[in-house]
Structure formats: structure tokens, C-alpha cells
Number of protein chains: 2
Amino acid sequence: MPLPTHSNRFILSHPPTDLPVLSGPSPTFSLQTSPLPSLSPDQVVLKTIFISNDPAQRAWITAGLDPARLYTPPVLPGQVMRSRNVATVLDSTSEKYQPGDLVMMSMGWIDHLVTDAGNVDRKIEKVPGLSETHFLGALGLTGLTALYGIRDIARATGGETVVVSGAAGATGSMVVQIAKHVIGVKRVIGIAGDEKKCRWVEGLGADVCLNYKEEGFREKMVEATPEYVEVYFDNVGGHILDFMLTRMKRFGRVAACGAITQYNKGEKDGLKNWFEVISNRIEIKGFVILDFIGAGKGPAAVGELVQAYKDGKIKLGDENETVVDTKFADVPKTWMMLFEGKNTGKLVTKITDGAVQGSL
Amino acid sequence: MPLPTHSNRFILSHPPTDLPVLSGPSPTFSLQTSPLPSLSPDQVVLKTIFISNDPAQRAWITAGLDPARLYTPPVLPGQVMRSRNVATVLDSTSEKYQPGDLVMMSMGWIDHLVTDAGNVDRKIEKVPGLSETHFLGALGLTGLTALYGIRDIARATGGETVVVSGAAGATGSMVVQIAKHVIGVKRVIGIAGDEKKCRWVEGLGADVCLNYKEEGFREKMVEATPEYVEVYFDNVGGHILDFMLTRMKRFGRVAACGAITQYNKGEKDGLKNWFEVISNRIEIKGFVILDFIGAGKGPAAVGELVQAYKDGKIKLGDENETVVDTKFADVPKTWMMLFEGKNTGKLVTKITDGAVQGSL
């Protein structure tokens, strides 16, 4: 196979305040092409195979954010959109990597890259029965987020009831499984956006999963939580979070993980049930997985998750991810599915075109 | 002095959703008079001298609240409005109390009461230089709320910066003093509603106090917190809380004590800066002083506060309270001053009429 001569990449061109736009006079991203340099010593040529899609990426590109208030640096106009990638090594002058190796790296939305071997995170080992894409999700930052959030932040334990929003999403579906099968809490209630997702979440171990788009959702949640809930794991923010504040048991804990309903809203939904926090002594903790990783707890936790998978406590099938075949030119379009509620489990982009000659 | 023959009381007649109303066709409270029974054995006749006014009282009377979600039972229509009182014993068949004793009891908005001696909380001992009204405030539940909130809930310590809203209020003014002089934090920033109050708060020990009604308040707070703040003690909720979320340091703590700006709003101000909670790993804890009391920690903590007063670390002067001379018929009107920002420190109602003959 001939080596690529050019690299294609999406740069941030117009930081959005609301929903990103892919066309028109001010598109959020624009595609650029440049020649690929030749290999220097101890470098590799990488070709992106899979791209991880994460709600947090939306936060990195919002117009006018104060970098000091973000947990990772923002993506600035003119910079390549940041992402986690699984790539294959096309060529190498490094002893560490051989052509054909699969590696993990935060390459961004770029199809080919020549980079120092030291910039690559690590080689991905083949695990029988497991798709390598799971290392972008259930066995990667997503799974660690779920584990850290439900165990260390929310401190869910045996006799408790846990409610998880975004329960059919990448993080939520792992929270459901970890809470029910690894920690072994008494009751897990999922919240998701359609019936099919809800049934899938129940298959993962939720005692019940409620469809928030269905009429009567709130009444059903009230019925399902007659003694209120000790733990709410929030992936969505907005109205569902506001409602859940009214369902927290006295001294209940909220793990604030994400707010996907709000990222594309310049004018946020306001939380109005604040008095519940006071009168019911609710504890709320925001958290970011990077703290857990930074504390050196990542590798051991990945090991725990892999063990839980081997023990049958965590299911990692095709349904834990939505892998979308995508031409490189459509990478932003696939990413946008995150905000359309179209994915079940982790949303992964699979690059289907070779684009090795520098044109798409 | 002849003993009273009648008892006057304010009952809740129309639970409000917004600001309570004192007149018109549906007044929030109405005045009732009934004959005072004669004394049975082991009873006392009490006459209210002082009434404590507390923002939390507003929460007890809101229409349609679920009693299970309140930290004390609501006041129901037809019931006497609940309050903490300092009363004098007019007559007694109990060995425990003598005519002339000052006592503390949750009598409510009632001028005279015949009750079992066992219902009285305790006798108030005279402390030289201290007005007995302070036992309704700085040396009562108010002071304990401040101590518990800033020390146990927010866990403020030496090198930190603490922001206190409602800093000229009963609780806030104690938080300022405890944080600065008892705990000894590095920097205390108050927020209050006018210049005079702000200067008073600075006199108590705040390094600076900002007037939230003044134009440029937010810019001044940003200037005053270049390295953000570790602790925010919130007495007000609403827009100030929402703004302060943007000034929290990473891993900062919010003690959620009250929301006086919201109690009279049927439609609450929404909190829109929720994403700060996630991205800056903010911890929020609601709390209620009754938990601290219930855990048996009250008496020792009152002792600590009295000692801090004797050591000169806490000032308790006339400015720590606003004592309003009030005819019994105007008790609701004085209470409403809480929501008009008219009090500095604890707002105390002093009953000036005898009303001993049952007519006002």
C-alpha cells in the first residue's frame, strides 16, 4: 500500500454558541489539506481507523469561554478539533512500533499524521472477543468515568437506589452495569430517550428504565421512587436534573458528570428547585475523570473493568457502541449524532475511505 | 399587674405562593382572639417579649409544599404562625419557673399563652453586657447555623478565601466573624445590599464587602477574587449564587444555607451556570442546623460562641440586631422587613403593648 502524501484535517473555524453548523457561510469546522512530511528518526506515520465521539468535546469549542474555567484547554479557532483516536501504524522509524500495530492517541480529526513515537499513548493489545473500539469507550475514559463517578464521587453502596440519566449513552450504560453488578446496589433506575433504548438498559441490569420523552414520565418516576433515591448520576443537566432534585432522599448525593442537554444552548435551562438542595441536605459533586487518571488510578481501574468483563458482570457487545461507517469528510456529521440522541452506547466513527493520496 | 384574660394570635389563613400580603381579600395571616384558660398544676402563663424573625419561616407557609420535603413540618392553614420567642413568666404553678423569669420557647405569633412547664425550652440566664435577644440570634440557632455551616459543612481553613452573601444578615454577619476571627481564614469577602451595611460588615472583619445593588458589582467581585474562592457561604440563592459559581476555585465548596431572594418567587430564578459545577469540580452541600442540634452538638457549640464573645473574637452589639418596637397587631409587618432588606443583623420583634385585657 502506498504511503499517503497528504493529511486532511478539520479545524475549528467558527466557535459556536448554540448547535454547531456544518454548512452555510459560518460553518463550525472546515477541512484543510496539507502535504505530509517525510519520516524523521523515531517517528511514525499513523492512519486514523476509529474516532471517539464525546459530549465533552462540545464544551471545548464554545465561543468565548475562559480557558481557566475549562478542565482541558479549549480548542481555538485554527486548531485541529481534538479527539481520541485508534490508528494503525503505516510506517515507522521507531523501534517501539511496527507497521500494522494498532495504537491509541489524541490525534484529533485528522486522517494521517506523521508524529514522534513519544506522542503515541500506547499500543492496543488484542483481547479475544473484544472489539478494539471498546478501548475508546467502556474500557477507556468512558468506563473509568462511570466507575469513578458512581463509586468514588457518589459513593453508591449496597442498599441504595441509584438513578442514572443518559442511561443508554456511553457513560450511563456503564454506570448502570457497574452499579448493579459490580457494586451491587439494591435498585437501579435508568432514564433514556426511547423505548428501545430503555429495554436495552433494562437488559444491562436496570430494574426499570423510563423514557423521558414519554408523557407521564415524571409521574412514573415518582411512582418508581416512593422512598426517593440516595444517588443520582447526572449525564444530562437541565430539566431532568432539576426534576431529580425533587426526588432525592434526605442527604442524597448527586454526581454531576455531564450536561449534554445544555451544551448546545446559548441560553441555558435554569435550575429552579435549588431549595431542595438546602431542605433535603443534598450533596452535589462535579467531577472530571482526568483527576482520577492524574492520581495514577487509571491503569488499575481499567484492569478492574476488564476483570468485570471476564467475570460476566459487564456486557460489552455490539449494542454497547454505535460504530458509524464514515467518510473522513463526514466526521463532523457523525459527531453531531451525539446531540440528536441517535447513538446507543458509545458513538464511534469508523473511517472508511483510504484517502491515502491526499484528496477525499 | 392583672393577668391577661385573652390570648391573641396570628394564624395562617392564605398560604402564599409569592410575597405574603398583609391586607386585601386574601391576607396571608389573620388575627384571632380567644379566652385564656386558667392555670392547671405545673403550668405557666407566658407573655411574649421578643419574637425571632427568620427567613426559613417563609418556607414553612408556602402553598402546596410536600411536608415530606421540608425539614420542619409546614405551618398549615388555621395553625398559629410558628416562631421562636423570648417570653416572661407572668404566673406559674410549676416549681421550675417563677414569675419574672425570662424563658425561651417556640410559642409562635401569640401574645399570651398558658402551657405546661414541660413545653418551655429553658430559662435564659442573664449575662452581663449581653442583651437577652442575642439568644434568639448570634448565640442561638443563627450563630450555630453560621458555625456549623462554615466549619463543618464548608470546611473553611486557614489559607483560604471565603465569600459570604447576605453578609449583613443575622447568619451572614456571624459567618464573617467566625471565619475571620475564630477559624482565621486568609480572606473574607462579604456581599450585602447597601453601602452602610457593607462598611459594618468590614468592621466585623471582612477584608472587603461589596454592594450587589451597585453597578459594576460583578466586575468588582472578579477583581476581588483574582485567584477565585475556595468557599462560598450562600444565604441568598438566585442570581448571586449563579454568579458565584463562576468565581469558585477548582474543587471549591459551596455551603447552601438559604435562598432568601427566592422564597417569595413562585417562579424561581433559574441557575444557569451549572457546567461550572462539573468543569471545576465544585462541591455543594445543603444543610440544616437541626441536624447539628439533633446530633447533640448544640450546647457545646453555644459554649464556644459565648467563649468567642468573651475573648473578643465575636462582637455582639446593637448593630448585630435590628430590634423593632412593634404592637402585637403589627407582628407580620415587622417580619416582612426580612424580605425588604431592611435589617442589619438579626431582625427581632419587640412587643410593646401589654394587651393584657384581650383587646388590641
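Above: the structure in question.
Residues numbered from 1 in each chain as written. Chains lettered and ligands numbered in written order. Predicted model: local features only at pLDDT ≥ 70, side-chain atom pairs only at ≥ 80, totals over all residues. Heavy atoms only, no water.

A. Inspection of the relation of the copies chain A and chain B at higher detail. Placing chain A over chain B gives an RMSD of 0.0 Å and needs a rotation angle of 180°, together with 0.0 Å of translation along the axis. Look at the turn and shift together and you get a two-fold axis relating the two. Judged by C-alpha distance, Gly-270 of chain A is the residue of chain A that lies nearest the rotation axis, at 1.8 Å. Looking at the interface residues of chain A, 98% of them are also at the interface in chain B, so both copies use one shared face. (Least-squares fit on C-alpha atoms with pLDDT ≥ 70 in both. Contact = heavy atoms within 4.5 Å.)

B. Looking closely at the interface of chain A and chain B. In this complex, chain A contributes 43 residues to the contact, which on the side of chain B involves 42 residues. Regarding the contact of chain A and chain B, the summed buried area is about 3400 Å², with carbon and sulfur atoms giving 56% of it. Among the salt bridges present, the one from Lys-272 of chain A reaches Glu-267 of chain B, with a minimum N-O distance of 2.5 Å. Our count for the chain A to chain B interface comes out at 22 residue pairs in polar contact (both at pLDDT 80 or more). Elements with a contribution of two residues or more to the side of chain A that touches chain B: helix 6 (238–245), strand 12 (248–256), helix 7 (274–279) and strand 13 (283–286) of chain A. Among the elements that make up the side of chain A that touches chain B, the one with the highest residue count is helix 7 of chain A (six residues). Class assignment of the residues belonging to the side of chain A that touches chain B gives a composition of 22 nonpolar, six polar and 15 charged. Examined bridge by bridge, strand 13 of chain A and strand 13 (residues 283–286) of chain B share three bridges and lie antiparallel to one another. Looking across to strand 13 of chain B, one finds that Glu-283 of chain A is bridged to Lys-285 of chain B. (Buried area = accessible area lost by both parts, 1.4 Å probe. Salt bridge = Lys/Arg side-chain N within 4 Å of Asp/Glu carboxyl O. Polar contact = N/O pair within 3.5 Å; in protein donor to acceptor, adjacent residues only side chain to side chain. Helix = DSSP H or I, 4+ residues; strand = E, 2+ residues; numbered from the N terminus. Nonpolar A, V, L, I, M, F, W, Y, C, P; charged D, E, K, R; others polar. Pairing = 2+ DSSP bridges.)

C. Representation of the packing of aromatic side chains in the model. Within the structure shown, the criterion is met by 22 aromatic pairs over all chains. Summarising the aromatic geometry, the rings of Trp-109 of chain B and Trp-335 of chain B are spaced 5.5 Å apart at their centres and angled 70° between planes, so their arrangement reads as edge-to-face. One end of the pair, Trp-109 of chain B, is in the loop between strand 5 (102–105) and strand 6 (112–116); the other, Trp-335 of chain B, is in helix 10 (residues 331–336), with 226 residues separating them in the sequence. Taking the relative accessible area as the measure of exposure, Trp-335 of chain B reaches 0% and is therefore buried. Each member of the aromatic cluster is reached from another via a ring pair, and the members are Phe-10, Phe-29, Trp-109, Phe-328, Trp-335 and Phe-339 of chain A. Stacked on the ring of Trp-60 of chain A, the Lys or Arg Arg-82 of chain A has its end atom at 4.7 Å from the ring centre. (Phe/Tyr/Trp six-rings, centres within 6.5 Å; stacked < 30°, edge-to-face > 60°. Buried < 20%, exposed > 50% of the residue type's maximum accessible area, 1.4 Å probe, protein only. Lys NZ or Arg CZ within 6 Å of the ring centre and 35° of its normal.)

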